[in-house]
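Here's the letter readout for the chains.
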Amino acid sequence: QVQLVESGGGLVQAGGSLRLSCAASGSIFSGVAMGWYRQAPGKQRELVAAITSTSGDSTTYADSVKGRFTISRDNAKNTVYLQMNSLKPEDTAVYYCNSHPPFARYWGQGTQVTVSS
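Residues numbered from 1 in each chain as written. Predicted model: local features only at pLDDT ≥ 70, side-chain atom pairs only at ≥ 80, totals over all residues. Heavy atoms only, no water.

Q: If you had to explain the pairing of strand 10 (residues 111-116) to someone new, which residues and values would you point to?
A: Of the two faces of strand 10, the one holding Thr111, Val113 and Val115 is buried and the one holding Gln112, Thr114 and Ser116 is not buried anywhere. Of the strand pairs in this sheet, strand 2 (residues 10-13) and strand 10 are connected by 4 bridges, and their pairing is parallel. Its bridge partner lying in strand 10, Leu11 is registered against Thr114. For strand 9 (residues 93-99) and strand 10, the ladder comprises 3 bridges, and the chain directions are antiparallel. Residue Val94 lies in a different strand from strand 10, and its bridge partner there is Gln112. (Buried < 20%, exposed > 50% of the residue type's maximum accessible area, 1.4 Å probe, protein only. Helix = DSSP H or I, 4+ residues; strand = E, 2+ residues; numbered from the N terminus. Pairing = 2+ DSSP bridges.)

Q: So what's going on with the sheet that holds strand 5 (residues 46-51)? Residues and values would help.
A: One open sheet holds the 6 strands; their spatial order is 2-10-9-4-5-6, and the pairing between them is mixed. With partners counted over all chains shown, the strands left at the sheet margins are strand 2 and strand 6 (59-61), one partner each. Adjacent strand axes in the sheet meet at a mean angle of 25° when their direction is disregarded. (Axes fitted to C-alpha atoms, helices over the stretch in contact; angles between N-to-C directions.)

Q: Describe the state of the cysteines, and please don't skip the residues or the numbers.
A: Applying the stated criterion across every chain, the model contains 1 disulfide. Each sulfur of the disulfide joining Cys22 and Cys97 lies 1.8 Å from the other. Disulfide Cys22 to Cys97: torsion about the S-S bond roughly 50°, handedness right-handed. Of this pair, Cys22 sits in strand 3 (residues 18-25) while Cys97 sits in strand 9, and the two are 75 residues apart along the sequence. Overall, Cys22 belongs to the buried group, its relative accessible area being 1%. A relative accessible area of 0% means that Cys97 is categorised as buried. (Disulfide = S-S within 2.5 Å.)

Q: Explain the nonpolar core to me, using residue names and the numbers behind them.
A: Trp36, Phe69, Val80, Leu82, Met84 and Tyr95 are the most contacted members of the largest nonpolar core, which has 27 residues in total. Broken down by secondary-structure element, the contributors of at least two residues to this core are strand 3, strand 4 (34-39), strand 5, strand 7 (69-74), strand 8 (79-84), strand 9 and strand 10. Counting residues per element, this core draws most heavily on strand 3, at 4 residues. What Leu82 contacts, discounting residues up to four positions off in sequence, is Leu18, Arg19, Leu20, Trp36, Val48, Ala49, Phe69, Thr70, Ile71 and Tyr95. (Core = buried A, V, L, I, M, F, W, Y, C linked by side-chain atoms within 4.5 Å. Contact = heavy atoms within 4.5 Å.)

Honestly, that's just the spatial picture; any functional story needs more than this.
Dropping the structure here:
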């Protein structure tokens, strides 16, 4: 049984920072590229950042978060992180982690990030 549990969201003022965590159980994590996704009200879910599974991890970012967000992973802890700096009100959304590309069965509850202006 694969489970992904996101945490670390909250309410923050514009310009602030948050660090999201995603703990993976089951066999999903090993050798799998992982991604952080977000869905704002009235919008489709979008990929925010992704990281490969190999050593010397390669990362990709949405243009809207480049230079502000950093994705990383700790394979020993089966955890993937998203460090978010210089947050903007437009970053307000529910943030999810999943494999990259995502599998429908892996979507969790997500964690709410709200950035006030």
